Amino acid sequence: MTTRRKLIITGSLAALGLYSYNRGLRYPRLSFEPLAHATALTDSIGDVTLVDAIQIEQDALCFRAIAPEPKISLYANKGKFAFYVNNISEDAVLDIQDKGICDLEEEVRGIDRHITIETANSQTINIGWKLPTKEQTKFAVIGDTGGNSELDWCLTRAKSLGAQFLLHLGDFNYGLDDYENAISKFHTAPLPCYISIGNHDFHDSGLIYQQFLRQLGPMNNAFTLNGVRFVNLDTAADFFPAGSGNRGALLNTLAQSPTERQIFFTHRPFRDPRPGQDHTIGGVNEIPWLVNAISHAGGGHLLAGHVHHSTELDFSGLRQYTVGEGLGHEDIVLQRQVARILVGTIEPERPVNFEWASLNMPWSLHRSHTHLLKLEKAKAQKTIDWYTKLHQA
Ligand SMILES: [Fe+2]
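The present account deals with the structure reproduced in this document.

Things to note about empty space enclosed by the protein
By the definition in use, this model includes three cavities of 30 Å³ or more. Within this model, the largest cavity holds a volume of roughly 80 Å³. Residue lining of the largest cavity: 14 residues in total, with I66, Y194, I195, N221 and N232 positioned closest to the centre. Every element with two or more residues in the lining of the largest cavity is listed here: strand 15 (193-195) and strand 16 (221-225). Per-element tally for the lining of the largest cavity: the top contributor is strand 15, with three residues.

Concerning the packing of helix 6 (residues 245-254) against helix 7 (residues 286-296)
Their axes nearest at 9 Å, the elements helix 6 and helix 7 cross at an angle of 30 degrees. By the angle between their axes, helix 6 is roughly parallel relative to helix 7. From helix 6, R247, G248 and L251 reach across to helix 7, where they touch E286, W289, L290, A293 and I294.

Describing the packing of helix 2 (residues 149-160) against helix 3 (residues 178-187)
Two elements in contact, helix 2 and helix 3, have axes whose closest approach is 10 Å; the angle formed by their N-to-C orientations is 20 degrees. As summarised for this structure, helix 2 and helix 3 are arranged roughly parallel, according to the angle between their axes. Note that helix 2 runs across helix 3; the crossing there is right-handed. When helix 2 is examined against helix 3, the residues L151, D152 and L155 are found in contact with a partner set consisting of A182, K185 and F186.

A look at the nonpolar core
Residues I72, L74, F83, F230 and L303 are the most contacted members of the largest nonpolar core, which totals 81 residues. No other element matches helix 2, which puts five residues into this core. The residue makeup of this core includes at least three contributed by each of domain 1 (40-130) and domain 2 (137-392). Other than its neighbours up to four places away in sequence, F230 contacts F139, F165, L167, N221, A222, F223, L225, I263, F265 and I346. F270, I287, I294 and F315 belong to the second-largest nonpolar core, a separate cluster that totals 18 residues.

Examining the coordination of the iron ion
Metal coordination angles have textbook ideals: 109.5 degrees for a tetrahedral set of four donors and 90 or 180 degrees for an octahedral set of six. Binding of the iron ion to the protein goes through D171 (OD), N199 (OD1), H267 (NE2) and H306 (ND1), at separations of 2.1 to 2.2 Å. The coordination sphere of the iron ion comprises four donor atoms, whose angles at the metal cover 85 to 160 degrees; the geometry is irregular. Here the donor residues of the iron ion are spaced in sequence according to D-x27-N-x67-H-x38-H. In this pair, D171 sits in the loop between strand 14 (165-168) and helix 3 while H306 sits in the loop between strand 20 (301-304) and strand 21 (310-315), placing the two residues 135 residues apart along the sequence. Overall, D171 belongs to the buried group, its relative accessible area being 2%.

A short note on the side chain of R64
Take R64: it is sitting in strand 6 (residues 62-65). In this view, R64 contacts D52, A53, I54, I56, N86, N87, F186, H187, C193, I195, Q215 and L216; residues no more than four positions away in its chain are not counted.

Quick look at the pairing of strand 12 (residues 123-130)
Both strand 7 (residues 71-76) and strand 12 contribute to a ladder of six bridges, which runs antiparallel. Across the sheet, residue A76 finds its bridge partner in strand 12, namely Q123. Both strand 9 (residues 93-98) and strand 12 contribute to a ladder of five bridges, which runs antiparallel. Counted as the bridge partner of V93 is K130 from strand 12.

Overview of the layout of surface pockets
One number sums up the size of the second largest pocket: a volume of about 490 Å³. Along the wall of the second largest pocket there are 25 residues; nearest its centre are I66, P218, N220, N221 and A222. Those elements that place two or more of their residues in the lining of the second largest pocket are strand 4 (46-51), strand 5 (53-55), strand 16 and helix 6. Residue classes in the lining of the second largest pocket are distributed as 17 nonpolar, six polar and two charged. Counting only domains with at least three residues in the lining of the second largest pocket, you end up with domain 1 (40-130) and domain 2 (137-392).

What counts, and at which threshold
Residues numbered from 1 in each chain as written. Predicted model: local features only at pLDDT ≥ 70, side-chain atom pairs only at ≥ 80, totals over all residues. Heavy atoms only, no water. 1 Å grid on protein atoms, 1.4 Å probe; cavity = no way out; pocket = protein on both sides within 12 Å on 5 of 7 lines; lining within 4 Å. Points joined across faces, edges and corners; volume = space filled by probe spheres on them. Helix = DSSP H or I, 4+ residues; strand = E, 2+ residues; numbered from the N terminus. Axes fitted to C-alpha atoms, helices over the stretch in contact; angles between N-to-C directions. Parallel < 35°, antiparallel > 145°, perpendicular 65-115°, else oblique. Contact = heavy atoms within 4.5 Å. Left-handed = near helix turned anticlockwise from the far one by under 90°. Core = buried A, V, L, I, M, F, W, Y, C linked by side-chain atoms within 4.5 Å. Buried < 20%, exposed > 50% of the residue type's maximum accessible area, 1.4 Å probe, protein only. Domains from an automatic or database assignment. Donors = N, O, S within 2.8 Å, 3.2 Å for Na, K, Ca; no water. Tetrahedral: all angles 85-135°; square planar, octahedral: opposite > 155°, others 65-115°. Pairing = 2+ DSSP bridges. Nonpolar A, V, L, I, M, F, W, Y, C, P; charged D, E, K, R; others polar.

As structure tokens, then:
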């Protein structure tokens, strides 16, 4: 090989290494960090800019809110057109900032808002939705539901507990058709759902997160409601380096406006609450980096799933709630209803409050093959006594 050729190869490898380091790598499956969503698009109706919303159908005006108060700005061409926005609370009120001279109509269909606009000229139209200020806003939290009847129940239970929205902590994909079924259930849920991607939603026999990005939302984002900042953090697969990618960029941005009134929701916990178990974030230096970054952003609470158990503990200045009983797994192991869901309450000028509520899942809705396998494993390993002790503690 000539010296010139060696130099070209060395230079190319160095450039690829630098690019990979800056963009970030994910594993397992070794891959580049996914690109962030586009916030602007051009359609036959004109130019569209999205804040806290994504486009969920390519080449169609169908959007999904990824926060309670999304905004849509249009530079609309002359004519009549329609679009809808999914995942908006029934309580949210249309807020028209600027509509020029046009006819604008809104129809509420569950968590969908259908908008029809007719303009006489090209013009700017800015609209959004706002939740009325309340003394109390409740939200529910749970993960690890799979995409079957257990997910239906968790959505129903969250609504019946008075939640304005659900924070889903990931892992809705455990089996055949779960991905499609779960997306359909999230799109037609009785309340808005903001979803943190789980390891089973990120990769299976290959990388499968593209569907999550297309139809559910980004893997990292933040929104503020009634003075409390909610931060969705991606822990579905390990990061290299720990601070790279969209997650690192988001946390660096949040550190510029730190707040203690803050809730981080994610899939994998910082500490496994079960004795002798280590189902946690696994990347090199990843947990110390996250603890430090969260501290610089002001700290707060950490909500995680992944472990199919419900409990809370302190970890490096954070209160970690593990809320991973979306399949009601321990109901099956113990043959009594012990599984729990978490309910958070935010009130102006007061600390965020969390309370556990019974999941109360009807026996007829337990259909998961996963926890039947776990029951067999628990019997074989004689760990049922361990579960019993856990619930007596
Ligand atoms: Fe998981």
